[in-house]
Amino acid sequence: EFAASLEKAAAGAELTRKDIINLLAAAPGAEEEALYRLADSVRARVAGDEVHLRGVIEFSNYCRRRCYYCGLRADNVNLQRYRLMPEDIVAAARRGAELGYGTIVLQSGEDPWYTGPVLAGIIREIKKLGVAVTLCVGERTRDEYALWREAGADRYLLKHETANAALYNRLHPGMSWQERLQCLQWLRELGYQVGSGNIIGLPGQTLEDLADDLILLRELDVEMAGLGPFIPHPATPLGGEPAGSLDLTYRVVATARLVIPYAHLPATTAVGTLAPNGRQLALQRGANVIMPNLTPTRYRADYQIYPNKICINEGPEDCRHCLEGMVRALGRRLGRGPGHTLKPLRVQ
Ligand code: SAM
Ligand code: SF4
Ligand code: FES
């Protein structure tokens, strides 16, 4: 079954849910190796050897939400909360531009302190640096999304987290899967390049759920997909659950390269946290992007969405040099320019 589905993928045929499940279930050894080889060759064909670096500024760890997995959830009182002032965010972005990053990602908890106009002002300043801007600040109103798009934001990252609506609703008190999809649709309508994605290895999640994640990403026609393992945080309701499997994560990333070939796929910080060579392996199994940390070092330890996050004691330059070495050692090269969508221009 695996072999037939892999052959379909190699021929570029549209994969069914059953095919996707077969690929995700690749057995350790020859099957996994074959899946990874095909994913790497598709990556080379559609994305080339460039690895794009997106500098991430984690500008606030205040959050009004209570996601069951996340260390930033509002209920976690054992966390020193911080907020970067607009001029400090712009300064961090300037440092990123100087380090050669073509994209600046602004990420935070859901923090209403940054009103629509406040964040729009920050975006306008950062756009003057000549970089692409990606927002990753959660669910907001359509008007706010529109304001930020007008201010120059290019992309928006909002993971759907899981395509299993019941599981989503269980893990996100006060939120709903329908509202999540509504936000993603607004972002699409407003002309953002849209990134979504899911967590791998959530308690109760099945291989079928993960296949549905990839099918949803295909339906959303995403420009980017963040696919990372679940890592339990002790100060959360899921603190006692096991972490997601790294091997399963690689199979999801590789299969994603076959299901949504034109999507940018990051080698996530979470795989780097679970294994020292985690990001290198992800880059050899379908991924083509890395998101180095640009947050000023003194705040990094407090943006612990999960424990043991990498790069907590490093500074922006350290991560830049570390990644340049990593990319070179893999025989790849650093991406130039903003690294916009890989999708071929479609004749309407
Ligand atoms: N607050 C915004 C949001 O939720 O979209 C952006 C920041 S949030 C920290 C970014 C991502 O972190 C989430 O989409 C979620 O997938 C991921 N995340 C949070 N806690 C995690 C955990 N314990 N393990 C793996 N991923 C986690
Ligand atoms: Fe807040 Fe995002 Fe963490 Fe949920 S995942 S608690 S919205 S920071
Ligand atoms: Fe931060 Fe390697 S990416 S030290």
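Heads up: the structure comes first, above all this text.
Presented here is a report on the structure given in the accompanying data block. (Residues numbered from 1 in each chain as written. Chains lettered and ligands numbered in written order. Predicted model: local features only at pLDDT ≥ 70, side-chain atom pairs only at ≥ 80, totals over all residues. Heavy atoms only, no water.)

1. Focus: the site of ligand 1
Point 1. Neighbouring ligand 1 are 17 residues, the closest being Tyr69, Ser108, Lys159, Glu161 and Ile231.
Point 2. Within the backbone of Tyr69, one N or O atom sits 2.9 Å away from a nitrogen atom of ligand 1.
Point 3. Backbone polar atom of Ser108 to a nitrogen atom of ligand 1: 3.1 Å apart, as the coordinates give it.
Point 4. Calculation on ligand 1 without its partners gives an accessible area of 550 Å², and the protein chains cover 92% of this total.
Point 5. Residues belonging to the shell around ligand 1 are distributed by class as follows: 10 nonpolar, four polar and three charged. (Near = heavy atom within 4 Å. Polar contact = N/O pair within 3.5 Å; in protein donor to acceptor, adjacent residues only side chain to side chain. Areas by Shrake-Rupley, 256 points an atom, 1.4 Å probe, with all protein chains shown as cover. Nonpolar A, V, L, I, M, F, W, Y, C, P; charged D, E, K, R; others polar.)

2. Topic: the packing of aromatic side chains
Point 1. Applying the stated criterion to the full structure yields six aromatic pairs.
Point 2. When the ring of Tyr145 is compared with that of Trp148, the centres are 6.2 Å apart and the planes differ by 65°; the resulting orientation is edge-to-face. In this pair, Tyr145 and Trp148 both sit in helix H6 (residues 142-150), three residues apart, roughly one turn of the helix.
Point 3. A ring pair is formed by Tyr145 and Tyr156, whose centres lie 4.9 Å apart and whose planes are at 70°; its orientation type is edge-to-face. With Tyr145 in helix H6 and Tyr156 in strand S4 (residues 155-157), this residue pair connects regions lying 11 residues apart in the sequence.
Point 4. Connected via pairs of aromatic rings, a cluster forms that spans Tyr145, Trp148, Tyr156 and Tyr192. (Phe/Tyr/Trp six-rings, centres within 6.5 Å; stacked < 30°, edge-to-face > 60°. Helix = DSSP H or I, 4+ residues; strand = E, 2+ residues; numbered from the N terminus.)

3. Focus on the site of ligand 2
Point 1. Cys63, Arg65, Cys67, Tyr69, Cys70, Leu72, Arg73 and Gly109 make up every residue found near ligand 2.
Point 2. Looking at side-chain class alone, the shell around ligand 2 contains five nonpolar, one polar and two charged residues.

4. Examining the packing of helix H2 (residues 17-24) against helix H10 (residues 246-259)
Point 1. Where H2 contacts H10, the axes come no closer than 9 Å and their chain directions differ by 140°. With respect to H10, the element H2 is oriented oblique. Regarding H2 and H10, the two cross each other, and that crossing is right-handed. On the side of H2, the interface is formed by Ile20, Leu23 and Leu24, while H10 contributes Leu248, Arg251, Val252, Thr255, Leu258 and Val259.
Point 2. Its residues placed into classes, the contact of H2 with H10 shows seven nonpolar, one polar and one charged. (Axes fitted to C-alpha atoms, helices over the stretch in contact; angles between N-to-C directions. Parallel < 35°, antiparallel > 145°, perpendicular 65-115°, else oblique. Left-handed = near helix turned anticlockwise from the far one by under 90°. Contact = heavy atoms within 4.5 Å.)

5. Brief notes about the environment of Gly272
Point 1. Within the element layout of this structure, Gly272 appears in helix H11 (residues 269-274).
Point 2. Taking the C-alpha atoms as reference, Gly272 lies 10.0 Å from Leu246; in sequence the two are 26 residues apart.
Point 3. Residues in contact with Gly272, not counting those within four places in the same chain, are Arg279 and Ile310.

6. A closer look at unusual backbone geometry
Point 1. One non-glycine residue, Glu161, lies in the positive phi region at around 70°.
Point 2. Inspection of the secondary structure puts Glu161 in the loop between S4 and helix H7 (165-171).
Point 3. Take Glu161: its relative accessible area is 10%, and that puts it in the buried class.
Point 4. The backbone of Asn308 sits at a positive phi, close to 60°, despite the residue not being glycine.
Point 5. For Asn308, the position within the fold is in the loop between helix H13 (297-300) and helix H14 (316-329).
Point 6. On the basis of relative accessible area, Asn308 is assigned to the exposed category, the value being 65%. (Buried < 20%, exposed > 50% of the residue type's maximum accessible area, 1.4 Å probe, protein only.)

7. As for the packing of H2 against helix H9 (residues 207-220)
Point 1. It is at 9 Å that the axes of H2 and H9 come closest, and there the two elements cross at 120°. Put simply, H2 runs oblique to H9. Pair H2 / H9 crosses with right-handed handedness. The residues of H9 that touch H2, namely those facing Arg17, Ile20, Ile21 and Leu24, are Leu207, Glu208, Leu210, Ala211, Asp212, Leu214 and Ile215.
Point 2. Residues of the contact of H2 with H9, tallied by class, amount to eight nonpolar, no polar and three charged.

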